[in-house]
Amino acid sequence: MAMIASLHHNPFADAIKGSDDDVQDGLVHIRIQQRNGRKTLTTVQGLSSEYDLRKIVRACKKEFACNGTVIEHPEYGEVLQLQGDQRENICQWLTKSGLAKPDQLKVHGF
């Protein structure tokens, strides 16, 4: 009987309750993807849906001198995509501009 009590916690409860809004866990995930050769892409996922991502991309492109776009991801919704390894830049910029707190940022990649 004691074993059943410890199993009542649903490990997917967080994922289930987060599926109805765009932000799954309240974190902003910053990932890097390898393209061909030395080329990389930086993706930013989990920004609040109340922000205009196209304006954010425009500001980032100007600030980091790189190209970027907003792509529609089937699972994550709208995702920012920037050319090159912009992980450090985007972390500093998001905190400086007040779009995300440092403890909300989760950086993935090598």
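Residues numbered from 1 in each chain as written. Predicted model: local features only at pLDDT ≥ 70, side-chain atom pairs only at ≥ 80, totals over all residues. Heavy atoms only, no water.

For the protein chain, an unreviewed UniProt entry supplies the name Eukaryotic translation initiation factor eIF1 and the organism Vespula vulgaris. What UniProt states about the protein chain under its Function (unreviewed entry) heading is, verbatim, "Probably involved in translation." Taken from UniProt, the Sequence similarities (unreviewed entry) comment for the protein chain reads in full: "Belongs to the SUI1 family." (UniProt positions renumbered as here; feature names shortened; annotations may be inferred.)

Draft legend 1. How the structure looks around unusual backbone geometry. For Ala65, which is not glycine, the phi dihedral falls at a positive 55°. For Ala65, the position within the fold is in the loop between helix 3 (53-64) and strand 3 (68-73). (Helix = DSSP H or I, 4+ residues; strand = E, 2+ residues; numbered from the N terminus.)

Draft legend 2. Seen up close, the pattern of salt bridges. Going through the model one piece at a time under the given rule, you end up with three salt bridges. A salt bridge links Lys96 to Glu63, with the nearest nitrogen and oxygen atoms 3.8 Å apart. Here Glu63 lies in helix 3 and Lys96 lies in helix 4 (residues 87-96), a separation of 33 residues in the sequence. By relative accessible area, Lys96 is classed as exposed at 62%. Of the residues examined, Glu63 reaches a relative accessible area of 46% and is grouped as partly exposed. (Salt bridge = Lys/Arg side-chain N within 4 Å of Asp/Glu carboxyl O. Buried < 20%, exposed > 50% of the residue type's maximum accessible area, 1.4 Å probe, protein only.)

Draft legend 3. Broad picture of the sheet that holds strand 4 (residues 77-83). Taking strand neighbours across the sheet as the criterion, the five strands line up as 3-4-2-1-5 in an open arrangement whose pairing is mixed. The open sheet has two edge strands with one neighbour each: strand 3 and strand 5 (105-107). The sheet shows a mean angle of 25° between the axes of neighbouring strands, taken without regard to direction. Bridge analysis of strand 3 against strand 4 gives six bridges, and the strand direction is antiparallel. Within strand 4, the position partnered with Thr69 by the bridge is Gln81. Packing against the sheet, helix 3 makes contact with strand 3 and strand 4, and its axis sits at approximately 10° to strand 4. (Pairing = 2+ DSSP bridges. Axes fitted to C-alpha atoms, helices over the stretch in contact; angles between N-to-C directions. Contact = heavy atoms within 4.5 Å.)

Draft legend 4. Region of interest: the side chain of Gln81. Relative to the elements of secondary structure, Gln81 occurs in strand 4. Here Gln81 falls in the buried class, since its relative accessible area comes to 17%.

Draft legend 5. Seen up close, the packing of aromatic side chains. One pass over the full model with this rule turns up zero aromatic pairs. Seen from the ring of Tyr76, Arg31 lies directly overhead, with NZ or CZ sitting 5.5 Å from the centre. (Phe/Tyr/Trp six-rings, centres within 6.5 Å; stacked < 30°, edge-to-face > 60°. Lys NZ or Arg CZ within 6 Å of the ring centre and 35° of its normal.)

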